[in-house]
Number of protein chains: 2
Amino acid sequence: MFSKSCKYAIRAVLYLAIHSNAEHKLGVKEVAEALDVPGPFLAKLLQQLSRHHLISSTKGPNGGFYLSKANSNANLRGVVESIDGPEVFTSCILGLPVCSSNNPCPLHSRALIYRQGLLELVEDQTIKEVAKRVERQELKI
Amino acid sequence: MFSKSCKYAIRAVLYLAIHSNAEHKLGVKEVAEALDVPGPFLAKLLQQLSRHHLISSTKGPNGGFYLSKANSNANLRGVVESIDGPEVFTSCILGLPVCSSNNPCPLHSRALIYRQGLLELVEDQTIKEVAKRVERQELKI
DNA sequence: AGAATAAAAGAGTTTTTTATCTTTTTATTG
DNA sequence: CAATAAAAAGATAAAAAACTCTTTTATTCT
């Protein structure tokens, strides 16, 4: 479903939500090791998220990546859209160039339900809320 | 969501459902041109589906690909599983190696709803039924 | 100011997916 | 039975995604 990059990105964002804040930033290396994900590759992803203001970062000593209050009050949709592109939520499930209610593909109507589930997955809880649940229930990232 | 290969495959199966039968088989070329999909590539996909008995084929003059009665009374799940692998319906949305009800990833519970939508998409109508709707409503493939 | 630290940016490399080309096998028909 | 049509199989090529390495830039601390 999501690309590998996108999965890494979501997990990294959750990790940052739990372990970082404006006073305690994390280096790529720490995050990469914690998630068991290739470091330099994750760096690229985090930089991209940072450019799009979905996470925050500062350079230099004691610098690193972190989530601002605003960042963690957002939901995961922006993260996904930033990495995989906004089309993941809208593009035709059969890859047809035009596919809409007036010009639907054979699977269009059922795809709506599926897509609804997908949106709920990333939209109806904030990053902070997900992170809280992870902490409370000791979930793995 | 589905790979490009899988999208091609689904569309090709629907095309066969509408335009072929045991008495009238279609060559790869015709299907590829009708769907505007790369011919040799589609050939590979159709061969794979044929090997897995999701579509039927015969060689030689007047040979080609077609759907048997049995083929068109099946649903699309087999087609998807044959091309993209059965994991698409079961694997963790965050790519975690272990993710289950007792050991859920942070998005597990919502992912269930989403996954349900995905399964309905491919499971609760037969290929024949989809094809019928395509014909009746003159949908594009 | 200078050294050290860490992200940002740029330039590769590898692997996987998508696509093509060629040869072989099988069936059909005249 | 020879010619032909079409799938099957194999080998190769191009494009995209995943991953790595090197250099630059910004920040902090002494």
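Now for a description of the structure that goes with this document.

Parameters at a glance
- Residue numbering note: each chain is counted from 1, following its sequence as written.
- In the order they appear in the text, chains get letters beginning with A and ligands get numbers beginning with 1.
- Local features in this predicted model are restricted to residues of pLDDT 70 or higher, and side-chain atom pairs are both shown and tallied only at a pLDDT of 80 or more, whereas totals for entire chains, interfaces and linings draw on every residue.
- Based on all heavy atoms of the structure, the side-chain values leave hydrogens and waters out of the count.
- Segments assigned H or I by DSSP are reported as helices when at least four residues long, segments assigned E as strands when at least two residues long, and all are numbered from the N terminus.
- Burial classes follow relative accessibility: with a 1.4 Å probe on protein chains only, a residue under 20% of its type's maximum area counts as buried, one over 50% as exposed, and anything between as partly exposed.
- Residue contacts are counted whenever heavy atoms from the two residues lie within 4.5 Å of one another.
- Accessible areas in this description were obtained via Shrake-Rupley with a 1.4 Å probe; residue shielding takes into account the shown protein chains only.
- Every case where a carboxyl oxygen of Asp or Glu lies within 4 Å of a side-chain nitrogen of Lys or Arg is listed as a salt bridge.
- The least-squares superposition of copies is restricted to C-alpha atoms, and to residues with a pLDDT of at least 70 in both copies.
- Once two parts are put together, the accessible area they lose, assessed with a 1.4 Å probe and summed over both, is termed the buried area.
- In the analysis that follows, any N or O atom pair within 3.5 Å is treated as a polar contact, provided that within protein one partner can donate a hydrogen and the other can accept it, and provided that, for residues neighboring in sequence, both atoms belong to side chains.
- In this classification, Asp, Glu, Lys and Arg are treated as charged, Ala, Val, Leu, Ile, Met, Phe, Trp, Tyr, Cys and Pro as nonpolar, and every other residue, Gly included, as polar.
- Nearness here has a simple test: a residue counts as near a molecule or strand if at least one of its heavy atoms is within 4 Å of that partner.
- Fitted lines through C-alpha atoms give the axes, limited to the stretch in contact for helices. The angle between two N-to-C directions lies from 0 to 180 degrees.
- Should an angle fall under 35 degrees it is called roughly parallel, over 145 degrees roughly antiparallel, and 65 to 115 degrees roughly perpendicular, with every other angle called oblique.
- Handedness of each helix crossing follows the sense of rotation of the near helix against the far helix: counterclockwise by less than a right angle gives left-handed, clockwise gives right-handed.

**Brief notes about the overall build of chain A**
Tallying secondary structure elements over chain A gives seven helices and two strands in all. The linear arrangement of helices and strands in chain A, starting from the amino end, is α-α-α-β-β-α-α-α-α. Summarising its shape, the C-alpha atoms of chain A cover approximately 55 × 30 × 25 Å along the three principal directions. For chain A, buried positions account for 50% of its 141 residues. Restricting the contact set of chain A to residue pairs at least 6 apart, pairs at least 24 apart contribute 62%. Carbon together with sulfur atoms contributes 50% to the accessible area of chain A, which is approximately 7100 Å² in total.

**Quick look at the pattern of salt bridges**
Residue and element names in this part refer to chain A. By the definition in use, this model includes six salt bridges over all chains. For Arg77, the salt bridge identified is with Glu123, shortest N-O distance 2.8 Å. With Arg77 in helix 5 (residues 77–84) and Glu123 in helix 6 (residues 108–123), the pair connects residues that are 46 residues apart, well separated along the chain. The class for Arg77 is partly exposed, based on a relative accessible area of 22%.

**Notes on the relation of the copies chain B and chain A**
With an RMSD of 0.0 Å, the fit of chain B onto chain A corresponds to turning through 180° and sliding 0.0 Å along the axis. Considering both components of the superposition, the chain copies are consistent with a two-fold axis. Residue Met1 of chain B, judged by its C-alpha, is the member of chain B lying nearest the rotation axis, at 2.2 Å. Here 100% of the interface residues in chain B have copies in chain A that are interface residues too; the copies meet face to matching face.

**Description of the interface of chain B and chain A**
At the junction of the two partners, chain B supplies 32 residues and chain A supplies 33 residues. Taking both partners together, chain B and chain A bury about 3000 Å²; carbon and sulfur atoms supply 66% of that area. For the interface between chain B and chain A, the tally reads two salt bridges. Taken together, chain B and chain A are joined by four residue pairs in polar contact (both at pLDDT 80 or more). Elements with a contribution of two residues or more to the side of chain B that touches chain A: helix 1 (4–19), helix 6 (108–123) and helix 7 (127–136) of chain B. With seven residues, helix 6 of chain B is the single largest residue contributor to the side of chain B that touches chain A. Here the side of chain B that touches chain A is composed, by residue class, of 21 nonpolar, four polar and seven charged.

**What about the protein's contact with DNA strand D?**
Taken together, 27 residues are adjacent to DNA strand D, and Pro38 and Pro61 of chain A together with Lys44, Gln47 and Ser57 of chain B come closest. Backbone atoms, meaning sugar and phosphate, form 62% of the atoms of DNA strand D found within 4 Å of the protein. Of all the elements in the fold, those that place two or more residues in the surface near DNA strand D are helix 1 (4–19) and helix 3 (39–51) of chain A together with helix 3 (39–51), strand 1 (56–58) and strand 2 (64–66) of chain B. It is helix 3 of chain B that contributes the most residues to the surface near DNA strand D, four residues altogether.

**Structural notes on the packing of helix 1 of chain A against helix 2 (residues 28–35) of chain A**
All names here are of chain A. As a packed pair, helix 1 and helix 2 sit with axes 10 Å apart at the nearest point and diverge in direction by 110°. Considering their axes alone, helix 1 and helix 2 lie roughly perpendicular with respect to each other. Classified by chirality, the crossing of helix 2 by helix 1 is right-handed. The segment helix 1 lies against helix 2, with Tyr8, Arg11, Ala12, Tyr15 and Leu16 engaging Glu30, Val31, Ala34 and Leu35. Of the residues belonging to the contact of helix 1 with helix 2, the class tally is seven nonpolar, no polar and two charged.

**Structural notes on the protein's contact with DNA strand C**
Taken together, the neighbourhood of DNA strand C is formed by 27 residues, with Lys44, Gln47 and Ser57 of chain A together with Tyr8 and Pro38 of chain B sitting nearest. Backbone polar atom of Lys4 of chain B to a phosphate oxygen of DNA strand C: 3.2 Å apart, as the coordinates give it. With respect to DNA strand C, the side chain of Tyr8 of chain B contributes an N or O atom lying 3.2 Å from a phosphate oxygen. For the surface near DNA strand C, the class distribution of residues is nine nonpolar, twelve polar and six charged.

**Here we look at the environment of Cys92 of chain A**
Structurally, Cys92 of chain A is set in the loop between helix 5 and helix 6. Cys92 of chain A gets classed as buried once you look at its relative accessible area, which sits at 9%. Considered as a pair, Cys92 of chain A and Leu76 of chain A are 16 residues apart in the sequence and their alpha carbons are 21 Å apart. Among all residues touching Cys92 of chain A, those that are not within four sequence positions of it are Cys99, Cys105 and Arg115 of chain A together with Lys7 of chain B.

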